[in-house]
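# Coordinate inspection notes
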Amino acid sequence: MHERLERNKANAIAFYELMFNESKPAEAIERYAGDVYIQHNPHVGDGKQAFIEYFVRMAAQFPGKRVEVKRALAEGDYVVLHCHQTWPGDEDYAGIDIFRLDENGKVVEHWDVLQTIPSESKNDNGMF
């Protein structure tokens, strides 16, 4: 079980790195997605092709966008990534991405929540 959880974390991180930081969403889908890709983000269409089209568009609109995974948690078929997203010319975001992976360690479902990183905070704890 431990090996499966570690494999799933590694695959989710590699998927995110390839599609977001390297701007290769088609390759990310080909290498790391399962037979289906269910999307819950209301700004992205459902399915593999909609995912590819969205991230191709984001790469063109925000060259140099970056994500840094701050922590990764795995339980069962789920991986949760806590990330710092940087969008040049836009705000930075703290994000939580939840991926469900199939028995082969392939991404088949995704949820996310994003929060802008404020310039001021009521505490000194930081977002990460």
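Throughout what follows, the structure given in this document is the object of discussion. The shown structure was predicted, so the numbers you read here are calculated from the model rather than taken from an experiment.

This brings us to the overall build of the protein chain. When its secondary structure is counted, the protein chain shows 3 helices and 5 strands. Relative to its length of 128 residues, the protein chain is compact, with a C-alpha radius of gyration of 15 Å against a globular reference of 14 Å. If one aligns the C-alpha atoms of the protein chain with their principal axes, the spans along those axes are about 45 × 35 × 25 Å. Per-residue burial for the protein chain yields a buried fraction of 38% across its 128 residues. Counting every atom, the protein chain has about 7,400 Å² of accessible surface; 49% of that belongs to carbon and sulfur. Distance between charge centres in the protein chain, computed from 14 positive and 22 negative side chains, equals 3 Å.

On to the packing of aromatic side chains, then. A full pass over the atoms with the stated rule returns 12 aromatic pairs. Put simply, the rings of Phe15, Tyr16, Phe20, Tyr37, Phe51, Tyr54, Phe55, Phe62, Trp87 and Phe99 pair up and form one aromatic cluster. When the ring centre of Phe20 is taken as origin, the NZ or CZ atom of Lys65, which lies over that ring, is 4.4 Å away.

Time to look at helix H2 (residues 25-32). What H2 keeps buried is the set Pro25, Ala28, Ile29 and Tyr32. Seen from one end, H2 has its buried residues packed into an arc of 100°, which puts them on one side.

Criteria and cut-off values
- Residues numbered from 1 in each chain as written.
- Predicted model: local features only at pLDDT ≥ 70, side-chain atom pairs only at ≥ 80, totals over all residues.
- Heavy atoms only, no water.
- Helix = DSSP H or I, 4+ residues; strand = E, 2+ residues; numbered from the N terminus.
- Rg over C-alpha atoms; globule rule 2.2 N^0.38 Å.
- Buried < 20%, exposed > 50% of the residue type's maximum accessible area, 1.4 Å probe, protein only.
- Areas by Shrake-Rupley, 256 points an atom, 1.4 Å probe, with all protein chains shown as cover.
- Lys, Arg positive; Asp, Glu negative; His and termini not counted.
- Charge placed at Lys NZ, Arg CZ, Asp CG, Glu CD.
- Phe/Tyr/Trp six-rings, centres within 6.5 Å; stacked < 30°, edge-to-face > 60°.
- Lys NZ or Arg CZ within 6 Å of the ring centre and 35° of its normal.
- Arc of directions from axis to C-beta.

That is the geometry; function is a separate question.
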